[in-house]
Amino acid sequence: MTNNIEQLNADRLIDPTRRKLLLGSAGAVGLAGFLGGGIWSVSGEALAADLPANKLLGFKGIAASTADDIAIAEGYQAEVLISWGEPLVDGAAAFDPNGGNSAAEQEKQFGDNNDGMSFFPIDDNHGVMAINNEYVNEQYLFAHGGDKATSLEDVRKSQAAHGVSIVAVKRVGDTPRWEVERPSRYNRRITANTPMQFSGPAAGHPLLQTAADPSGRQVLGTFGNCANGKTPWGTYLTCEENFDTYFGTQQADYQTTPEQQRYTLKANEPERNWPDFDPRFDVAKNPHEFNRHGWIVEIDPLNPTSTPIKHTALGRFKHENAAVTVAKNGRLVVYMGDDERGEHIYKYVSKGKVDSANPANNRSLLDEGTLFVAQFDGDANGTPLKGKGRWIALEFGKNGLTPENGFRDAAEVLIFARKAAAQVGATKMDRPEWIAVNPHDGRAYCTLTNNSKRGDEGMPLTPANPRPKNIYGQIIRWDEGGDATAEHFSWDMFALCGNPIAHPEGMYRGTPNITAENTFNSPDGLGFDSAGRLWILTDGKYSNKGDYQGQGNNQMLVGDPQSGEIRRFMVGPKSCELTGVTFAQDYKTLFVNVQHPGEEGDSHFPHNSPRPRSSVIMITRKDGGVIGA
Ligand code: FEO
Ligand code: CA
Ligand code: CA
Ligand code: CA
């Protein structure tokens, strides 16, 4: 397999030998000087003047950067739209850069660690953004600077910094720039304590009932909100990912159940010590609360008094994003990844059809339908990096999802979707992160971010996960022949990521569209613009040494689905992740998130801040044109 990788898809991919190597420049760039007006416009160093013309990618790729700043393609500018802690809701207190804001104050401020987000236009000059606040960096959140909450007040502040921020925005004059609108009736915080409802087949199930909610239909809050989706009827989907890390107990002899273990609950060593101060998160006292998280939540950003809904039909796992599309027969299809080593890729197909004339009729589409899970096989000839696959229905009573195998009813198949997926023989993937659907041909792309344990016992190599100790990750794509409800597909590898600088040959070099100039690891965020450019964001190692030499900080790149070419567009500041990608309706403004800058304590982003702050970044072209064109 090793020897074949460079020949794969060669007809479609760019020959790297035509590119100019610029190895020496990596550490010298990222000048990205900060100008007084708040806009970064000194670009990253442009690469490879001899690039072949590409009709889709209209910018010059930039070099890697290790600077504590943003580097961006020539002709573009980047600026902060909003940062963690900024006042949002009426009556909010000013941000205290030393962590002094109270829980009650944080509840009215923009949340922390912004991740997936969507832009909802209202008219040409007004919009509303729904922005996930995935988690917190305790060392910056709390004035005491410790990495754990030390009181109920700390826990409440942490809970208030989680969830989703709904942010109204308005256009600045006649430009592609936008600014936060304050006050606005749309501005809203949804936190780990906001009342929500369950809907779908598992709503009301005994496993979702608690002492505080005997109905099993009312739940408090959302947290671990990783990425997102957007429905055709204009609502926002937020995806609950690492919910397990918020639960635990101090009861030393507490024995986790197999179902809790399947969702990696470490009861005696919770990552955040919410259970120490808030008994809702103590699994010994409230064992079913754990089952009430790990879902996809629908929020109506244009209705500030609406109650968010957790849709159980989409299954419970560590949801990354929700890539929504409408199949040619009108059914709603949602592709979803479960981000953990060896977990799976899912697809939900609605029973009913999208009704654009009567949006109210669409509300049940996320409650009645079938959840499928993917099996990726090789092709008949054993050709590397491509193959066939099928979607297997997770329906109670079928495919071994029966009481004999531990599934007592349809709701349990959804509440324990991971167990159901394993039962039907789903393929263990290399940490499925985002999925995005190409608007031009319906092919779906998925980032498999990395898997250091691939090839170990219980995690054998497979055609779609072909590399042992997969530290770089890959971007896989599947083709359902133009029918998103199809039960069979073919797949190939858009990119097997790698590092030709550290590994000039072999499988860690990557496919030929990975070059010394664009090398990156751990693709994560993913999104298409209307022209069909594939935006790729990374959440990987940023040591810039050894296996990662020449890759610099986390970055955003753009891929051409036809040619396979990938160019680096932007690089983030130190120890951040770039994530979340959305556009204004004219595609002249791109929003992207700098998440957890300085998680290693080495950043003052943005604006030389005493404590680094996760921020939404707004990118425009200096000539006002379409981004990426
Ligand atoms: Fe929140 Fe899998 O990333
Ligand atoms: Ca993230
Ligand atoms: Ca992610
Ligand atoms: Ca990630």
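Residues numbered from 1 in each chain as written. Chains lettered and ligands numbered in written order. Predicted model: local features only at pLDDT ≥ 70, side-chain atom pairs only at ≥ 80, totals over all residues. Heavy atoms only, no water.

**Topic: the layout of surface pockets**
Then comes step 1: What the largest pocket holds in volume is close to 1,200 Å³.
Then comes step 2: At the level of secondary structure, the elements contributing two or more residues to the lining of the largest pocket comprise α2 (138–141), β20 (432–437) and β28 (577–583).
Then comes step 3: In terms of residue class, the lining of the largest pocket is built from 10 nonpolar, 18 polar and 22 charged.
Then comes step 4: The computed volume of the second largest pocket comes to approximately 1,000 Å³.
Then comes step 5: Residue lining of the second largest pocket: 44 residues in total, with K230, V324, V437, F528 and Y587 positioned closest to the centre.
Then comes step 6: Every element with two or more residues in the lining of the second largest pocket is listed here: β4 (114–123), β11 (225–230), β15 (319–326), β20, β24 (523–528) and β28.
Then comes step 7: Its residues assigned to classes, the lining of the second largest pocket comprises 22 nonpolar, 14 polar and 8 charged. (1 Å grid on protein atoms, 1.4 Å probe; cavity = no way out; pocket = protein on both sides within 12 Å on 5 of 7 lines; lining within 4 Å. Points joined across faces, edges and corners; volume = space filled by probe spheres on them. Helix = DSSP H or I, 4+ residues; strand = E, 2+ residues; numbered from the N terminus. Nonpolar A, V, L, I, M, F, W, Y, C, P; charged D, E, K, R; others polar.)

**Focus: unusual backbone geometry**
It is generally the case that most residues other than glycine have a negative phi and that most peptide bonds are trans.
Then comes step 1: A cis amide bond links R182 with the next residue in sequence, P183, at an omega value of -5°.
Then comes step 2: Mapping P183 onto the fold places it in the loop between β7 (178–180) and β8 (188–190).
Then comes step 3: Look at the link from F605 to P606: it is a cis peptide, with omega at -10°.
Then comes step 4: Tracing the backbone shows P606 in the loop between β29 (589–595) and β30 (615–621).
Then comes step 5: The backbone of N399 shows a phi angle near 50°, a positive value even though the residue is not glycine.
Then comes step 6: For N399, the position within the fold is in the loop between β19 (386–393) and α6 (410–415).
Then comes step 7: A residue is classified by how much of its surface remains accessible, and N399, at 43% relative accessible area, is partly exposed.
Then comes step 8: The residue N544 is not glycine, and still its phi comes out positive at about 65°.
Then comes step 9: Relative to the assigned elements, N544 resides in the loop between β25 (534–538) and β26 (555–559). (Buried < 20%, exposed > 50% of the residue type's maximum accessible area, 1.4 Å probe, protein only.)

**Some points on the confidence of the model for the chain**
Interpretation of the predicted coordinates at a detailed level should be avoided for regions scoring low in pLDDT.
Then comes step 1: Averaged over the chain, the pLDDT score is 93; the fraction of residues at 70 or greater is 92%.
Then comes step 2: pLDDT under 50 marks residues 1–37. Its contacts with residues more than four places away, or in other chains, come to 84 contacts. (pLDDT = per-residue confidence, 0-100. Contact = heavy atoms within 4.5 Å.)

**Thoughts on the coordination of the calcium ion (ligand 2)**
Then comes step 1: At the metal site, the calcium ion (ligand 2) is ligated by D115 (OD), E134 (OE), E577 (OE), E577 (OE) and Q595 (OE1), and these contacts range over 2.4 to 3.0 Å.
Then comes step 2: One chain supplies every donor to the calcium ion (ligand 2), and in sequence these donors are spaced D-x18-E-x442-E-x17-Q.
Then comes step 3: Here the calcium ion (ligand 2) and the calcium ion (ligand 3) are spaced 4.3 Å apart. With D115 in strand β4 and E577 in strand β28, this pair connects stretches of sequence that are 462 residues apart. The same class applies to D115 as to E577, namely buried. (Donors = N, O, S within 2.8 Å, 3.2 Å for Na, K, Ca; no water.)

**Quick look at the pattern of salt bridges**
Side chains bearing opposite charge may pair, as long as their charged atoms lie close to each other.
Then comes step 1: Using the criterion set out here, one finds 32 salt bridges in the structure.
Then comes step 2: Residue D430 is joined to R454 by a salt bridge in which the shortest nitrogen-to-oxygen separation is 2.6 Å. Remark: R454 occurs in the loop between β21 (444–448) and β22 (474–479) and D430 occurs in the loop between α7 (417–423) and β20; sequence separation between them is 24 residues.
Then comes step 3: Classification of D430 as buried rests on a relative accessible area of 0%.
Then comes step 4: By sharing partners, the salt bridges in this structure join D244, R262, K318, D338, E340, E343 and R418 into a single network. (Salt bridge = Lys/Arg side-chain N within 4 Å of Asp/Glu carboxyl O.)

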